[in-house]
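Each chain, letter by letter, is given below.
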Amino acid sequence: MHVVVSAETGQDDQLRDLYAWLQEETDLRGRVVMEERPPDPGTLGPGTGALQVLLESGGALASMSAAVVSWLRTRTGEVSVKIVDGDKEMEATAGGLRDLDHARVDEITEQVVQTFQRVDSRG
């Protein structure tokens, strides 16, 4: 499974911070790649576009989901993350997650996993 994660913040450092956060997850090490875009006019170096995440197991999907939700809970201001895999898409915002209890956070993490988990139709 190839998932694209983008953070809508208007600040490249937020996406870089999410990248570093995901790299801390054992199941995700070596599976997250920063996608760069051409530099904005008047700036040096490329900007960040999105994160590409290669997931091979349900455990890695659960780790990525939990890490993204946890990262969002630490953000202040308007930050939203969009997760896309083909025609499946889910978006969450920091403001909507910050004050939730752990049971609700677990429910949201499970929703992400269920949305993106593929069922092997070959039986």
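Rules behind the numbers
Residues numbered from 1 in each chain as written. Predicted model: local features only at pLDDT ≥ 70, side-chain atom pairs only at ≥ 80, totals over all residues. Heavy atoms only, no water. Helix = DSSP H or I, 4+ residues; strand = E, 2+ residues; numbered from the N terminus. Buried < 20%, exposed > 50% of the residue type's maximum accessible area, 1.4 Å probe, protein only. Contact = heavy atoms within 4.5 Å. Areas by Shrake-Rupley, 256 points an atom, 1.4 Å probe, with all protein chains shown as cover. Core = buried A, V, L, I, M, F, W, Y, C linked by side-chain atoms within 4.5 Å. Expected span 1.5 Å × (residues − 1). Arc of directions from axis to C-beta. Salt bridge = Lys/Arg side-chain N within 4 Å of Asp/Glu carboxyl O.

Caption draft 1: Broad picture of the overall build of the protein chain. Within the protein chain one finds three helices and five strands. Here the protein chain holds 123 residues, and the buried ones make up 35% of them. When contacts within the protein chain are restricted to residue pairs at least 6 apart in sequence, long-range pairs at least 24 apart make up 59% of them. Of the roughly 7200 Å² of accessible surface on the protein chain, 48% is carried by carbon and sulfur atoms.

Caption draft 2: Focus on the nonpolar core. Counting 30 residues, the largest nonpolar core has Val5, Leu18, Leu22, Met64, Val81 and Ile83 as its most contacted members. Counting residues per element, the ones that place at least two in this core are strand 1 (2–8), helix 1 (12–23), strand 2 (32–37), strand 3 (47–54), helix 2 (58–73), strand 4 (80–85) and helix 3 (102–116). Residue contributions to this core peak at eight residues, all from helix 2.

Caption draft 3: Spatial organisation of helix 3. Taking 1.5 Å of rise per residue, the 15 residues of helix 3 would be expected to cover 21 Å, and the 21 Å separating its terminal C-alpha atoms lies within 8% of that figure. The set of residues buried in helix 3 consists of Val105, Ile108, Thr109, Val112, Val113 and Phe116. The buried residues of helix 3 occupy one face: seen down the axis, they fall within an arc of 140 degrees.

Caption draft 4: Molecular detail of the pattern of salt bridges. One pass over the structure, following the stated rule, counts three salt bridges. For the salt bridge of Lys82 with Glu89, the shortest nitrogen-to-oxygen distance reads 3.9 Å.

Just distances and angles here, no functional claims.
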